[in-house]
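A look at the structure
Read off the chains here:
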Amino acid sequence: MSKIAFMFPGQGAQYIGMAQDFYEQFEESKEVFQKATQLLGFSMEDLCFKENDQLNITEYTQVAMLTASTAILRKVESLGIAPDFTVGLSLGEYNALIASNVMTFEDAVRVVRQRGILMQNAVPVGLGAMSAVLGAKKEVIEAVCEETEGIVSIANYNCPGQIVISGEKEAVQKAGEALKEQGAKRVIPLNVSGPFHSKMLQTAGEELIKVLEGVTIHKPSVPYVANVNAKLIQEEQGIKELLGEQVSSSVRFEQSIETLLEQGVTTFIEMGPGKTLSGFVKKVNRSVNIINIEKVEDLEKLKEIVKC
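Conventions used here
Residues numbered from 1 in each chain as written. Predicted model: local features only at pLDDT ≥ 70, side-chain atom pairs only at ≥ 80, totals over all residues. Heavy atoms only, no water. Phe/Tyr/Trp six-rings, centres within 6.5 Å; stacked < 30°, edge-to-face > 60°. Helix = DSSP H or I, 4+ residues; strand = E, 2+ residues; numbered from the N terminus. Buried < 20%, exposed > 50% of the residue type's maximum accessible area, 1.4 Å probe, protein only. Lys NZ or Arg CZ within 6 Å of the ring centre and 35° of its normal. Contact = heavy atoms within 4.5 Å. Salt bridge = Lys/Arg side-chain N within 4 Å of Asp/Glu carboxyl O. Patch = residues over 30% accessible without salt bridge, like charges linked within 9 Å, V, L, I, M, F, W, Y side chains within 5 Å. Areas by Shrake-Rupley, 256 points an atom, 1.4 Å probe, with all protein chains shown as cover. Lys, Arg positive; Asp, Glu negative; His and termini not counted. Charge placed at Lys NZ, Arg CZ, Asp CG, Glu CD. Disulfide = S-S within 2.5 Å. Pairing = 2+ DSSP bridges. Axes fitted to C-alpha atoms, helices over the stretch in contact; angles between N-to-C directions.

Once that is clear, we can look at the packing of aromatic side chains. Tallying each qualifying case throughout the model produces six aromatic pairs. Where Tyr23 meets Phe33, the ring centres are 5.5 Å apart and the plane angle is 85°; that geometry is what we call edge-to-face. One end of the pair, Tyr23, is in helix H1 (residues 20–25); the other, Phe33, is in helix H2 (residues 27–40), and ten residues separate them in sequence. By relative accessible area, which is 0% here, Phe33 ends up buried. Within the aromatic cluster, the residues linked to one another by ring pairs are Tyr23, Phe33 and Phe49. Lying across the ring of Tyr60, Arg113 places its NZ or CZ 4.8 Å from the centre.

So, in structure tokens, the structure goes:
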């Protein structure tokens, strides 16, 4: 029998108008936005639907993405579609926790709001950097990062041929130059506000664990795959520590997809803005069913893959 994994994107996929059609057409989706507005004290509808300069600022981006993806999730759930596993990329791991009933949406909103603030403020603007490295083997990238003076490491193992490095600005630049010399097809500096998923954010991760102290973590109703180790998590013990560690550790998304393939997953459903994760999965395994739910009309695609 076909096994299904729900996937949720991370920061960077956001745009004005995300999930707006779900908000306008479905009560369960609208309630998600209304709940976020109530909890945060500012209008999530304005942040996501009206032109503004805040959506791309980390402390707002993360909670906006969480809300938009959850609004889509709630509609998919209302169709009677349930996952066998869940996974998310960085911030998207919190949506996976919601879908696995590890954390309530209300608690996730509060935590992610603080996570965004902590990550935004962890390193002064201009000191850190991130670059996407295309067409280089992970072993080569790992070795170059280790040999480069300063703080630089792999932030994201996205898919074969695409890895992101992060750390001190000068160290990231030096590592990028060395990687191009060693045959990387391209090294693309990313327009980000901080060196996410690097050791420079270790303090932010430690502070996040303090935020999580007041949150109830439940046993997953379905297993989810943790970013930090790409392992299936089926018990509540240790989840808070994993979330704290995730802020300054590599996101092992490629390895997470491999874990799900080993579990027999044949259908991957991405929920949220963009199609980034769907593209990553295709590069890991082209034979599986992949669907992205970003707009209301995308719900029709589910009927082709899942018996609704």
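Another aspect to go through is unusual backbone geometry. The backbone of Ser90 sits at a positive phi, close to 55°, despite the residue not being glycine. Structurally, Ser90 can be placed in the loop between strand S2 (85–88) and helix H5 (92–99). Its relative accessible area of 11% is what places Ser90 among the buried residues. Phi at Ala230 takes a positive value of approximately 60°, unusual for a residue other than glycine. Looking at the element boundaries, Ala230 is found in the loop between strand S7 (224–225) and strand S8 (232–233). Overall, Ala230 belongs to the buried group, its relative accessible area being 7%.

A few words now on the environment of Gly274. As for its position among the elements, Gly274 is in the loop between strand S9 (265–271) and helix H12 (276–284). Classification of Gly274 as buried rests on a relative accessible area of 17%. Placed 191 residues apart in sequence, Gly274 and Pro83 show a C-alpha to C-alpha distance of 20 Å. In this structure, Gly274 is in contact with Tyr15, Asn292 and Glu294, ignoring residues within four places of it in sequence.

In the structure shown here, the tally under the stated rule is ten salt bridges. With a shortest N-O distance of 3.4 Å, Glu170 and Lys174 are connected by a salt bridge. Taken as a pair, Glu170 and Lys174 lie in helix H8 (residues 169–181) at a separation of four residues, close to a single helical turn. Given a relative accessible area of 53%, Glu170 falls into the exposed group. Residue Lys174 is classed as partly exposed on the basis of its relative accessible area of 38%. A salt bridge links Glu235 to Lys219, with the nearest nitrogen and oxygen atoms 3.5 Å apart. Placement of Glu235 in the loop between S8 and helix H10 (239–246) and of Lys219 in the loop between helix H9 (202–212) and S7 is noted, with a sequence separation of 16 residues between them. Under the relative-accessibility criterion, Glu235 is labelled partly exposed at 39%.

Now for a positive patch on the surface. On the surface, a cluster of positive charge is made up of Lys185, Lys282, Lys283 and Arg286. Residue placement: Arg286 occurs in the loop between H12 and strand S10 (289–293). Since its relative accessible area comes to 68%, Arg286 is described here as exposed.

Moving on: the state of the cysteines. Considering all chains together, one arrives at zero disulfides under this definition. Of all cysteine sulfurs in the structure, the one in Cys159 sits closest to Cys145, which takes part in no disulfide; the separation is 17 Å. The exposure class assigned to Cys159 is buried, which follows from its relative accessible area of 1%.

The four strands lie next to each other as S4-S5-S3-S6, forming an open sheet whose pairing is antiparallel. The sheet is open, and its two edges are formed by strand S4 (152–159) and strand S6 (186–189), each paired on a single side. When strand polarity is set aside, the average angle formed by the axes of neighbouring strands in this sheet is 25°. Alignment of strand S3 (residues 128–134) against strand S5 (residues 162–168), held across seven bridges, turns out to be antiparallel. Bridge pairing links Met130 to Ser166 in S5.

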